[in-house]
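Read off the chains here:
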Amino acid sequence: MWSTFYVQDEERGAPGVGGASQGLKAAMTGGGRGKAKRRVHSAAAGSASTPEGGMSDSLEGKVKLAFFVAVVGIVLSVLGVGTEFWVELAPPKSLSTNNTCVVAHYGLWKCCMKSLWVADVDPERESCGPADLPGESNCTFFKFFTTGENAVLFQKTTDKSLSVAAGLLAICSLFLMVMGAVCISMAISKRVPFFVKPASVCFTLSGILILLSVIIFHQSVLALLASDHAVPLHHELSWSVSCVSCAGTLLLIGGILFLLLALPYSPWQKCMPNKDTES
């Protein structure tokens, strides 16, 4: 009797134990599948945020920072190239008549003659000026690029070849700035780091050309002063040259930064490796 009872209990308990073990296995396999699905989803999300061969978030931030430096250089270049305060030419105040004196200032494209009152000029200053004093101004464009005529300022003649060369270099520099800005815009919008390389070349060349334009312009001023010595003139480079010089420096810095970002390795880590890697 008792043996029959124990056998029946064992037969009844066996399915319960098997069901519990099967439920445990199902829970374990289900948890493993859930973890695998999570890993697949996380990998897919990572690949969507940073595509294969694309630009990472850290690199994009560095590119934007370097682009800000280049944009400041572009703005200063446009301001300097478009204004006519590259150099000021002033005769001595002793040559003034009717209590007025004339000062000239010009840039790459335009020349202005300005009449100033002698009373407004600093008494300790021997020449007329500066050009920012109030007075009547008469501005005309140079005819270098149209009829090819030289300009005459205070009986002195400009050097057409040097002036044209300075202007052309400035135009080429502005064109390269635009091309570099387009490349960086495409690199940021498309998240493609390949466009950083041509942008580095464009900005570096634009900085070199704009600085060469300043040097050649200064040589044209010296050639103007040496063309005739009848009227002594005091000359000084004005604020437009300062803008262009700062712009050229910033463009060179921006081009070098883009070049470093375009390299396949970090130059800083290459030159100064970490202590962990050395050990």
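The paragraphs below set out a description of the structure included in this document. (Residues numbered from 1 in each chain as written. Predicted model: local features only at pLDDT ≥ 70, side-chain atom pairs only at ≥ 80, totals over all residues. Heavy atoms only, no water.)

### Section: the environment of Leu212
- Locating Leu212 in the fold gives a position in helix H4 (residues 196-226).
- In the structure, Leu212 is positioned 36 residues away from Gly248 in sequence and 9.3 Å away in space, judged by C-alpha atoms. (Helix = DSSP H or I, 4+ residues; strand = E, 2+ residues; numbered from the N terminus.)

### Some remarks on helix H5 (residues 239-262)
- An ideal rise of 1.5 Å per residue puts 34 Å on 24 residues; H5 measures up with 35 Å between its terminal C-alpha atoms.
- Looking only at H5, the buried set comprises Ser240, Val241, Cys243, Val244, Ala247, Gly248, Leu251, Gly254, Gly255, Phe258 and Ala262.
- On its buried side, H5 packs onto helix H2 (57-82), helix H3 (160-190), H4 and strand S7 (234-237). (Expected span 1.5 Å × (residues − 1). Buried < 20%, exposed > 50% of the residue type's maximum accessible area, 1.4 Å probe, protein only. Contact = heavy atoms within 4.5 Å.)

### Some details on the pattern of salt bridges
- Following the criterion strictly, the structure yields five salt bridges and no others.
- The residue Asp57 makes a salt bridge to Arg191 at a minimum N-O spacing of 3.1 Å. Of this pair, Asp57 sits in helix H2 while Arg191 sits in the loop between H3 and H4; the two residues are 134 residues apart in sequence, bridging distant segments of the chain.
- The exposed category is assigned to Asp57, whose relative accessible area is 55%. (Salt bridge = Lys/Arg side-chain N within 4 Å of Asp/Glu carboxyl O.)

### A short note on the side chain of Thr83
- Tracing the chain through its elements places Thr83 in the loop between H2 and strand S1 (87-90).
- Of note is the side chain of Thr83, whose polar atom sits 2.9 Å from the backbone oxygen of Leu79.
- Thr83 has contacts with Gly107, Trp239 and Ser240, leaving out every residue within four places of it along the chain. (Polar contact = N/O pair within 3.5 Å; in protein donor to acceptor, adjacent residues only side chain to side chain.)

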